[in-house]
Amino acid sequence: MIPILVAATAVIALAACSSGGATKNAGAAVGAPVSGGTMTIGIQDPPADLDPQTIGSFSEDFIKNNISDKLIYQNPKTMALEPWLATSWTKNDAYTEFVLKLRTDVTFSDGSALTPEVVKANLDMLAFGDDALGVPPQKGLLNGYVSTEVTGTDQITVKFSATNTGFLPALSGRPFGIVGAAMLKLSRQERAKPQNVVASGPFTIGEHVYQQSTTLKKRAGYAWAPESRAHKGEAYLDAVKIVVVPESGVRMGALQSGETDAITDVSPTDEKAVAAGGATILSRPIPGRAFSLDFNLHKAPSNDLAVRQAIQYGWDRDGLRKAVLTDSYKIASSIVPEVFPGYADLSSELKYDPAKSKQILDAAGWVPGPDGIRAKGGQKLSLEVQGNQSLVIFKPALEFVQANLRDVGIELKIKMVSAADWLAGDADPDPWWNINAYAGTGNDPSWLRSLYSPLAPANRLKINQDTPIRQQVTDLMDTLVAPLGDADRMAAVKKVQEEVISTYALSVPIFTTAQVAAASPKAQGLAYDSLSRLSLYDAWLAA
């Protein structure tokens, strides 16, 4: 066993070097934190499913991350893995066996205790699901999970049948919020109801008005925050009222009028006005996958390498930056942002070259038609795009790319869909779309395998047995979970980025996403967690 207690691995250390400051434009604190009061925060989307063991929308994850704790904490400033409900951990050389020591002083919101047996039940449920309860497994993140055994009064041993290098980082992310035993007995439908959530976080769910508001209440006696947090003990705020304000302009108005103390999902067009009104803009890149165009490889014409390469060269990155983005966002220089472990700068491969785009299409036999859109063999060069509308900036960015590509003879038909519809379209093994436009949240290179490997449950490139590069992509993505040393693993992550972009053009990164919130001078201590969701634990209200 290799002891890795509290230690950030070299992988994580590299991430820390590239992460820079997490939150920018933060205003200076007004005196020392004080306890008490209710902070009101306006959000864009109504939260529905608040089960900490599901992957949800930004609004849902924001709440879930504040009502539940995880076994391991990922420090958002350093991206290092630190103890939380687990006080220490070890692993074997093959990354197939992990031993975790647990805190003995933690209770859930129903008063029950955190025990090794409860943690085992959580991991078993996440790995296997429960058909009778309708709870699906999280196969992609617990690949090869065999069992968890209780090996001490405060200890568990987790075993895998194959290497799982991403297991420890996964424990700090979605959907690994640890819940109480009572919640594990509920059906999937019952678990989703706010009143049924049993977790150990610094806040509990109070009143929940469907589609309107959710009130979080301070958890009395909370005393197990990670050591690196700004304070110990209970949260400062007595309560947080989270209100749904779908319209961006109305949300901004609510902040400026004092109806809310903070808002999330600030529109790029509103950032300057919000800041000019005295609010502080809080932004942080979202770790994971840049907002990108992923191609459906078993559907024409996106199965044509020439078409994918032409799209890569056919839009103006500097023009997008000036016309659509703000300083909170950056043009993507890889499929992952700079805060991601193993990031490689491939900006030299991602350039606007419409002449080269046309040359590639000419050589591939795509001929301009009377309307300017190219065609080959009677098929028009038209691609259907499924766009996730979870962030307000996605649609204008896609429309900008759409206009550029039309100039080289490529037609994009964009359909923006809700998060729920996007998930349905994403899971379809034979979807209607040629291009899936989305961003993702992840904190470890092994997570990329769950996006791109044809062996992953989602198989997002829709690679089937007839796809010529199926084996090459499978082998490439398997390197992300191989038991390599830190240097070799970083080299593997770099190669994956190069081949995804340069060799196969599987994905065209557009820009690195960010969460952008705004806080009035009264709202202090708001910060982002490692997944760029707002954390309320250190928040307080100035007089």
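Residues numbered from 1 in each chain as written. Predicted model: local features only at pLDDT ≥ 70, side-chain atom pairs only at ≥ 80, totals over all residues. Heavy atoms only, no water.

1. Observations concerning the overall build of the protein chain
Applicable threshold: Here a helix means four or more residues in a row that DSSP labels H or I, a strand means two or more in a row labelled E, and each is numbered from the N terminus. Values of the radius of gyration come from C-alpha atoms, whereas the globule rule sets the reference at 2.2 Å times the count of residues to the power 0.38. The criterion used for residue contact is that any of the two residues' heavy atoms lie within 4.5 Å. All accessible areas in this document rest on Shrake-Rupley with a 1.4 Å probe, and a residue is counted as covered only by the protein chains that are shown. When charges are counted, Lys and Arg contribute as positive and Asp and Glu as negative, whereas His and the chain ends are disregarded. Lys charges are placed at NZ, Arg charges at CZ, Asp charges at CG and Glu charges at CD.
On a plain count of helices and strands, the protein chain comes out with 16 helices and 27 strands. Relative to its length of 543 residues, the protein chain is compact, with a C-alpha radius of gyration of 23 Å against a globular reference of 24 Å. Oriented by its inertia axes, the alpha-carbon framework of the protein chain measures out at about 70 × 55 × 45 Å. Within the protein chain, residue pairs in contact and separated by at least 24 positions form 71% of the contacts whose partners lie at least 6 positions apart. Carbon and sulfur atoms make up 53% of the accessible area of the protein chain, which totals about 20300 Å². Taken as two groups, the 50 positive and 57 negative side-chain charges of the protein chain have centres that lie 2 Å from each other.

2. Brief notes about the packing of aromatic side chains
Put simply, the test is: Aromatic contacts are taken between Phe, Tyr and Trp rings whose centres are within 6.5 Å, Trp giving its six-membered ring; a plane angle under 30 degrees counts as stacked, one over 60 as edge-to-face, and the others as tilted.
The final tally for this structure, using the stated rule, is 14 aromatic pairs. Ring plane angle 65° and centroid distance 5.3 Å describe the contact between Phe 128 and Tyr 145, whose orientation is recorded as edge-to-face. Of this pair, Phe 128 sits in helix H3 (residues 116-128) while Tyr 145 sits in strand S7 (residues 145-152), placing them 17 residues apart in sequence. Between Phe 291 and Phe 394 the ring centres are 4.1 Å apart and the planes differ by 10°, which places this aromatic pair in the stacked class. In this pair, Phe 291 is assigned in strand S14 (residues 288-295) and Phe 394 in helix H12 (residues 394-407), connecting sequence segments 103 residues apart.

3. What to know about unusual backbone geometry
Our working rule: Throughout this description, buried means an accessible area under 20% of the type-specific maximum (1.4 Å probe, protein chains only), exposed means over 50%, and partly exposed covers the range between.
Along the chain, Arg 174 connects to Pro 175 via a cis peptide bond; the corresponding omega equals -5°. Locating Pro 175 in the fold gives a position in the loop between helix H4 (167-171) and helix H5 (181-184). Following Ala 300, the chain continues to Pro 301 via a peptide bond in cis, the omega torsion being 0°. Tracing the chain through its elements places Pro 301 in the loop between S14 and helix H9 (305-313). Here the phi dihedral of Met 79 falls at roughly 65°; this positive angle occurs in a residue that is not glycine. Position of Met 79 relative to the elements: it lies in the loop between strand S3 (72-74) and strand S4 (81-83). The class of Met 79 is buried, set by a relative accessible area of 1%. The backbone of Asp 265 shows a phi angle near 55°, a positive value even though the residue is not glycine. Mapped onto the secondary structure, Asp 265 falls in the loop between strand S12 (262-263) and helix H8 (271-276). Residue Asp 265 is classed as buried on the basis of its relative accessible area, which comes to 9%.

4. Re the nonpolar core
Stated formally: Residues belong to a common nonpolar core when they are buried Ala, Val, Leu, Ile, Met, Phe, Trp, Tyr or Cys residues joined through side-chain atoms within 4.5 Å.
In terms of nonpolar packing, the biggest core is built from 72 residues, with Ile 311, Ile 410, Ile 510 and Phe 511 touching the most fellow members. Examining the composition of this core, we find that six residues originate from one element, H12, more than from any other. Apart from the residues within four sequence positions on either side, Ile 311 is in contact with Leu 293, Phe 295, Leu 383, Leu 405, Ile 410, Ile 435 and Val 508.

5. Details of the environment of Ala 505
With respect to the helices and strands, the residue Ala 505 is situated in the loop between helix H16 (486-503) and strand S22 (507-512). Residue Ala 505 is classed as buried on the basis of its relative accessible area of 1%. Spatially, the C-alpha atom of Ala 505 lies 9.0 Å from that of Ala 306, the residues being 199 residues apart in sequence. With residues up to four places along the chain from it excluded, the contact list for Ala 505 reads Phe 295, Leu 305, Arg 308, Gln 309, Gln 312, Glu 499 and Val 500.

6. Looking at the sheet that holds strand S16 (residues 367-368)
The strands making up a sheet associate through hydrogen bonds between their backbones, and the pairing can be parallel or antiparallel. Definition in use: The pairing criterion for strands is at least two bridges between them, as found by DSSP.
Taken together, the three strands give an open sheet; going across it, the order is S16-S17-S18, and neighbouring strands pair in antiparallel fashion. At either end of the open sheet lies a strand with only one pairing partner, and these are S16 and strand S18 (379-380). Sheet topology places strand S17 (residues 374-376) next to S18; two bridges connect them, and they run antiparallel. The partner of Lys 376 across the bridge, within S18, is Gln 379.

7. Comments concerning the sheet that holds strand S11 (residues 239-244)
Read from one edge to the other, the open sheet built from seven strands follows the order S9-S10-S11-S2-S12-S23-S13, with strand pairing classed as mixed. Each having just a single partner strand, strand S9 (203-209) and strand S13 (280-285) make up the two edges of the open sheet. The pairing of strand S2 (residues 38-43) with S11 spans six bridges and is classified as parallel. Considered in S11, the bridge of Ile 41 is made with Ile 242.

8. Description of the pattern of salt bridges
To keep it simple, the criterion reads: Whenever a carboxyl oxygen of Asp or Glu lies within 4 Å of a side-chain nitrogen of Lys or Arg, that contact is scored as a salt bridge.
Tallying each qualifying case throughout the model produces 26 salt bridges. Of the charged contacts, one joins Asp 318 and Arg 321 as a salt bridge, the two residues approaching to 2.6 Å between their closest N and O atoms. With a gap of three residues between them, Asp 318 and Arg 321 both fall in helix H10 (residues 317-323), about one helical turn apart. Residue classification places Asp 318 among the partly exposed positions, given a relative accessible area of 35%. Residue Arg 374 is joined to Asp 362 by a salt bridge in which the shortest nitrogen-to-oxygen separation is 2.6 Å. Of the two residues, Arg 374 is situated in strand S17 and Asp 362 in helix H11 (residues 354-363); the sequence distance between them amounts to 12 residues. Here the residues in one salt-bridge network are Asp 61, Lys 64, Arg 174 and Arg 533, joined through shared partners.

9. Things to note about the confidence of the model for the protein chain
Here is the rule: Confidence of the predictor at the level of single residues is captured by pLDDT, which takes values from 0 to 100.
Mean pLDDT for the protein chain: 91, with 94% of residues reaching 70 or above. Scored below 50 in pLDDT, residues 1-28 shows 66 contacts in the model against residues more than four places distant or in partner chains.

10. Brief notes about H9
In an α-helix, one full turn covers 3.6 residues, which means residues spaced three or four apart are oriented alike. Note the threshold: Definition of a polar contact: a pair of N or O atoms within 3.5 Å, with one able to donate and the other able to accept a hydrogen when the atoms are protein atoms, and with sequence-neighbouring residues admitted only if both atoms are side-chain atoms.
Across the nine residues that make up H9, a large majority, seven, are buried. Those residues of H9 that sit buried are Ala 306, Val 307, Arg 308, Ala 310, Ile 311, Gln 312 and Tyr 313. The N-cap residue of H9 is Asp 304: its side-chain oxygen and the backbone nitrogen of Ala 306 are 2.9 Å apart.

11. What about the pairing of S2?
Along S2, five of the six residues are buried, which leaves the element largely enclosed by surrounding structure. Sheet topology places S2 next to S12; two bridges connect them, and they run parallel. Across the sheet, residue Ile 41 finds its bridge partner in S12, namely Ala 262.

12. Comments concerning the side chain of Arg 251
Within the secondary structure, Arg 251 is located in helix H7 (residues 248-257). Within the structure, Arg 251 has its side chain in polar contact with the backbone oxygen of Asp 265 (distance 2.6 Å). Apart from the residues lying within four places of it in its own chain, the contact partners of Arg 251 are Gly 42, Ile 43, Gln 44, Val 245, Pro 246, Ile 263, Thr 264 and Asp 265.

13. A closer look at the side chain of Gln 74
Among the structural elements, Gln 74 can be located in strand S3. Here Asn 443 takes part through its side chain, which lies 3.1 Å from a polar atom of the side chain of Gln 74. At a separation of 3.5 Å, a polar atom in the side chain of Gln 74 contacts the side chain of Ser 530.

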